[in-house]
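Now for the letters of each chain:
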Amino acid sequence: MMESRVKKLAITLMDATTDKDPLVQEQIYNALCYLGESQPEEILNSCDEYLRQHDKLAYPHRIIILKAMETVVKNKIAHLDKSIAKIVIFLASNEMTKSKEIIYDWQQAASDVLVAAGRHFINQVMEEVLTKFQPGILPHYFIMQTFANLSVSNVFGMVPFLNSILGTMLPMLGMAKQDHMKSVFCYALQHFSESIQEYLANLDKAPDPTVRKDTFSNEIFNAYDVLFNSWLQSREAKLRLAVVEALGPMSPLMPSDKLEEQLPRLIPGILALYKKHAEAFYVSKSLCQILEASVNIGSRTLDMQLDALLSTLHPQICASVESTSPLSVKNHNEVLRCFTVLACTFPDRLLGFLLPKLENHNERIRVGTLIIMRQIINSATSQMETKKSFILSSMKLPLQDGSNKVKRAVVQVISAMAHHGYLEQAGGEVMIEYIVRQCALPPDTPPKKQMPEADDLTSDGVKNISISTLFLISTTVDRMNEVLWPYLLEFVTPIPFTGALTPLCRSLMHLAAKKQEEGEDAFLIRYDTHANLPSPHALLARLLTVSSQPYLGDGRGAAALRLLNVLHPNIHPLLGQLWNKKISPLVDHLEANTEKSLSQKEWEDKLLLLLRETLTAIDDNAWVCQFSKEMCKQLNSYNGFPSEKNFLYKCIGTSLGVCSNKEVVQKQLQELLETARFQEEAEREGLASGFGICAMNHLDETLAKLEDFVKSDIFKKSVGLFSIFKDRSDNEAEKIKSTLILCYGYVAMCAPKELVLSRIEADILRNIFQYFDTKVLGIKVETKDLTLKLCLIRSICMISQAIYNSVQSSAFVFSRKAELVAQMMEFIKTEPLDLLRTPIRQRAMISCTYLVVLEPPLSDADKVELIDTCLNSVLALPPLEVLKEKDGNVTDALQKEVPGMRS
């Protein structure tokens, strides 16, 4: 009863195949396949009966049923009875050959049913199909197509039949007059040859292990004779491609002497096809198979074809590959395979051809040659073993090429070299340095609008490839460990490699971890035997400094700190416990924030605390002194990096604060003052901050050094009489004075609270006003330098805060308070009432708020004057909209500013 219902449902579905809607047809196909999953024999019987009873059913509808039968047979082949298989095979054979004309989709669908059945019932399929393959009679097109596909789908089942098939088929080749029949014979010969080769390669699994190449050699050669000498000359491109596709797999099966005899004609004949066919993949694939066959027989004549081969194949690699064209990509790969075959057989001649082309300045030729070099380095390992130094030396000119495409190709060659032991040779370090340099490339500038090239490559693209390559060879190529460790540390400190710091740190971390696994002796760096390595002091200074801008360079702060933590035994043996405890929270803090949310001051304070604790843990004054000297040495390297240089000054101040050698402290402070670039705002800030931090522990030495500097020749030359008459807007003297005034402000703010009051008026304010009040021939000259004024205001704020926060502030009588308030009011009064040109007005008022709370209190008259001055200065200003029109930048900046001074 169940079967009857299934059959009725199947018939109903097949009746509906006449529906012209493709969606309905697809649903019918799916439904038949679904029924076939549970009742395969019932469905196959129903389909057979239906197709026989509906002989006039149009072939588009027959196709749907045949495709459903193929799917059911394919999925349920192991569960089918031989009797139902015979029914299906007989039906499919008849459907396939019913029409002598080629109705491709219908006959292909029937052929596919036979191929599906042939995977399990090969004898039954062949018994049926061979009845329609008779000597002397050209077979149906799809008989040959079916034979070909069967040979691929069931190699072990089909190869035993091929000898007799070839014997029957060969005489038919001369009978084939139409191109489509010639093409299907080529298709069959191609797949027969591929099946025979697979069979011979797996004789241990084959049903008949006595089968040999000789079994088929003569028949294959006879077929080759027709294909190469006759059909390959056809004007029809499709037939020529079918012939060339067959010749490749046929060549390994030809008798060795015949193949050797044919090579002088065969290879030129194949090479000539490149000129006739725009799509070269099939030609290249066939050529590669012929070359492999020639090498396998130990051909003595192949070398005579080598020049022609190289001159034809090389331009194919130099041509750009269309990534959107699968055949273009496949052709590229096949041509590279050809070079592999040639490299294994003719390594010297191939290198003699390739290496001079690396000197060619044509981008395509150089890139193509580098691609081939990478291929043969990877695939002809043993043949290139003795050529390594020769190949390395040939890379000199490509390493100097500025083309991004050449750079990418060079990086890929170096990657191949790393995997095969080239970089362990003399000259290998040059290749590593090249990779690191590409990792350090600056970002691309915004591109101009232009037509995009098919294979355009930016500097960012080269950089990304280089970063990936460095990481890959550091983490996966074990033989590179000895080459890269500790060599990569050489690139950590030089400024030109700043852009590569993050990938360098990540690679070094992995290398360090591997070395730790090998033991302490392998991990600890012998600085005495590696002359070019940065010292532990230099490494700590560099990695800490770049961490101050942690999100630059793809997160270099976290990478640098992690590397520091891993390196701690190589920095100082006493740091392990401290850094293991302190560095992880710092990294976590970075990862919990973003560039926008991170407080820069808070972050720098955390780093400076780590540094202070580090130097305290080391507790070695000689080491600390050497460290501070190293940081001073690095200062000029950061001239193009103001933020990092600013922070480095703070690090120097921190290390000098820890240093107990007062002579070294004063010497380093003197050096800082002599070498500072006072024109740079970030440098003035950094230097002043450093002096302030140093004063925490060395107040007297810091004040003494500032006073000594004023008496030095450097200062006197800068602030001499003649310089006063220069344009003050860019006068070096004013910037030096500004810096010194700022230094005193920071010193006052950072000095120990119990000591600061005694120094305020005698040592700090006296010198500040000495720098600010300039006199010429006894006459006071009012400064016009904005920087100088702003630095004075800031210092007054910091001094006021220092007094207020000191332990004896309530008992301290600030005798110069009124004078300072008067100076601030003078600044306020001199500001124009119709616009906001500078921040002086606002900052001077803020300074007054710090001053007025100090002892002694202002008189009532002074208070009134101060309030009147401030109110008049502000209330007289025009509305905000007018101010913005006059000087929008200053107005916006003042609106954003916190109502307080930076400290």
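Definitions and cut-offs
Residues numbered from 1 in each chain as written. Predicted model: local features only at pLDDT ≥ 70, side-chain atom pairs only at ≥ 80, totals over all residues. Heavy atoms only, no water. Helix = DSSP H or I, 4+ residues; strand = E, 2+ residues; numbered from the N terminus. Rg over C-alpha atoms; globule rule 2.2 N^0.38 Å. Buried < 20%, exposed > 50% of the residue type's maximum accessible area, 1.4 Å probe, protein only. Contact = heavy atoms within 4.5 Å. Areas by Shrake-Rupley, 256 points an atom, 1.4 Å probe, with all protein chains shown as cover. Lys, Arg positive; Asp, Glu negative; His and termini not counted. Charge placed at Lys NZ, Arg CZ, Asp CG, Glu CD. Core = buried A, V, L, I, M, F, W, Y, C linked by side-chain atoms within 4.5 Å. Polar contact = N/O pair within 3.5 Å; in protein donor to acceptor, adjacent residues only side chain to side chain. Patch = residues over 30% accessible without salt bridge, like charges linked within 9 Å, V, L, I, M, F, W, Y side chains within 5 Å. Salt bridge = Lys/Arg side-chain N within 4 Å of Asp/Glu carboxyl O. Axes fitted to C-alpha atoms, helices over the stretch in contact; angles between N-to-C directions. Left-handed = near helix turned anticlockwise from the far one by under 90°. Nonpolar A, V, L, I, M, F, W, Y, C, P; charged D, E, K, R; others polar. Phe/Tyr/Trp six-rings, centres within 6.5 Å; stacked < 30°, edge-to-face > 60°. Lys NZ or Arg CZ within 6 Å of the ring centre and 35° of its normal. Expected span 1.5 Å × (residues − 1). pLDDT = per-residue confidence, 0-100. Parallel < 35°, antiparallel > 145°, perpendicular 65-115°, else oblique.

> Describe the overall build of the protein, listing the residues and the values that go with them.
When helices and strands are tallied, the protein shows 45 helices and two strands. In terms of C-alpha radius of gyration, the protein reaches 43 Å, well past the compact-globule figure of 29 Å for 903 residues. When the backbone C-alpha atoms are referred to their principal axes, the protein occupies close to 130 × 70 × 50 Å. Burial status across the protein gives 53% buried among its 903 residues. Summarising the internal contacts of the protein: among those between residues at least 6 apart in sequence, 75% fall at separations of at least 24. Total accessible area on the protein stands at roughly 40700 Å², and carbon and sulfur atoms take up 52% of it. Placing the 96 positive and 107 negative side-chain charges of the protein at their respective mean positions leaves the two points 3 Å apart.

> Would you mind going over the nonpolar core in detail, with residue names and values included?
Counting 291 residues, the largest nonpolar core has M69, F147, M417 and L488 as its most contacted members. Those residues in contact with M417 that lie beyond four places of it in its chain are I377, I391, L392, M395, Y422, L423 and M431.

> Talk me through the side chain of H314; I want residue IDs and the actual numbers.
Tracing the sequence through the fold places H314 in helix α15 (residues 306–318). Of the polar contacts made by the side chain of H314, one reaches the side chain of T369; its length is 2.9 Å.

> Report on the environment of R265, specifying residues and quantitative values.
Along the chain, R265 falls in helix α13 (residues 256–272). In this structure the C-alpha to C-alpha distance between R265 and N229, which are 36 residues apart in sequence, comes to 9.9 Å. Non-local contacts of R265, meaning those with residues more than four positions away in its chain, are made with F228 and N229.

> Describe in detail the side chain of S234, supporting the description with residues and values.
For S234, the position within the fold is in the loop between α11 (214–229) and α12 (237–250). According to the relative accessible area criterion, S234 is buried, its value standing at 17%. Not counting chain neighbours up to four residues away, the residues in contact with S234 comprise L239 and R240.

> Outline a nonpolar patch on the surface, supporting the account with residue identities and numerical values.
A grouping of Y804, V852 and V853 is seen on the molecular surface, where their side chains present a nonpolar patch of about 280 Å² in accessible area. On the secondary structure map, Y804 appears in helix α41 (residues 786–805).

> Could you give an account of the packing of helix α31 (residues 600–618) against helix α32 (residues 621–634), with specific residues and numbers?
One can describe the packing of α31 onto α32 by two numbers: an axis separation of 8 Å at closest approach and a directional angle of 140 degrees. The two elements α31 and α32 cross, and the hand of that crossing is right-handed. From α31, L611, L615 and I618 reach across to α32, where they touch W623, V624 and F627. Residues that form the contact of α31 with α32 fall into these classes: six nonpolar, no polar and no charged.

> How would you explain the packing of aromatic side chains if you had to name every residue and give the values?
Aromatic ring pairs are reported here in terms of the distance separating the ring centres and the angle at which the planes meet. Scanning all chains against the criterion turns up 13 aromatic pairs. Between F491 and F497 the ring centres are 4.9 Å apart and the planes differ by 75 degrees, which places this aromatic pair in the edge-to-face class. An angle of 25 degrees between the planes, with centres 5.7 Å apart, marks the rings of W623 and F627 as stacked. Of this pair, W623 and F627 both sit in helix α32, four residues apart, which is roughly one turn of the helix. What makes W623 buried here is its relative accessible area of 10%. Here a set of aromatic residues connected by ring pairs shows up, and it is made of Y104, Y141 and F142. Lying across the ring of Y422, K388 places its NZ or CZ 5.5 Å from the centre.

> Describe unusual backbone geometry, naming the residues involved and giving the relevant values.
For the bond from W485 to P486, the omega torsion is -5 degrees, close enough to zero to count as cis. Note that P486 resides in the loop between α25 (481–484) and α26 (501–518). Located in the positive-phi region is D554, a residue other than glycine, with phi close to 60 degrees. Its place among the elements puts D554 in helix α29 (residues 552–571). One non-glycine residue, D619, lies in the positive phi region at around 50 degrees. You can call D619 exposed: its relative accessible area is 68%.

> Give a detailed account of helix α33 (residues 642–658), specifying residues and quantitative values.
With 17 residues, α33 should reach 24 Å at 1.5 Å per residue; the first-to-last C-alpha distance of 25 Å fits that figure. For α33, a buried count of 14 out of 17 residues is recorded, marking the element as mostly surrounded by other parts of the structure.

> Describe the pattern of salt bridges, and please don't skip the residues or the numbers.
Counted under the stated rule, the structure contains 37 salt bridges. K98 serves as the salt-bridge partner of E95, at 3.6 Å between the closest nitrogen and oxygen. Of the residues examined, K98 reaches a relative accessible area of 41% and is grouped as partly exposed. Across the pair R677 and E683 runs a salt bridge whose closest N-O atoms are separated by 3.9 Å.

> If you had to explain the environment of A409 to someone new, which residues and values would you point to?
Following the sequence through the fold, A409 ends up in helix α22 (residues 404–419). Taking the C-alpha atoms as reference, A409 lies 9.6 Å from M373; in sequence the two are 36 residues apart. Non-local contacts of A409, meaning those with residues more than four positions away in its chain, are made with V367 and L370.

> Explain the confidence of the model for the protein to me, using residue names and the numbers behind them.
Caution is warranted with low-pLDDT regions, since their predicted coordinates should not be read in detail. Within the protein, residue pLDDT values average 90, and 93% of them lie at 70 or more. Note that residues 721–730 has pLDDT below 50 and, in this model, 17 contacts with residues that lie over four places away or in other chains. In the model, residues 893–903 has pLDDT below 50 throughout and makes 26 contacts with residues more than four positions away in sequence or in other chains.

> Pulling in residues and values, what's your account of the packing of helix α34 (residues 662–675) against helix α36 (residues 699–711)?
Where α34 contacts α36, the two axes come as close as 10 Å, and the packing angle between them is 40 degrees. In terms of axis orientation, α34 runs oblique to α36. The way α34 lies across α36 gives a crossing that is right-handed. Taken together, the residues of α36 that come into contact with α34 (itself represented by K662, Q666, L669, Q670, L673 and E674) are E701, T702, A704, K705, L706 and F709. Partitioning the contact of α34 with α36 into residue classes produces five nonpolar, three polar and four charged.

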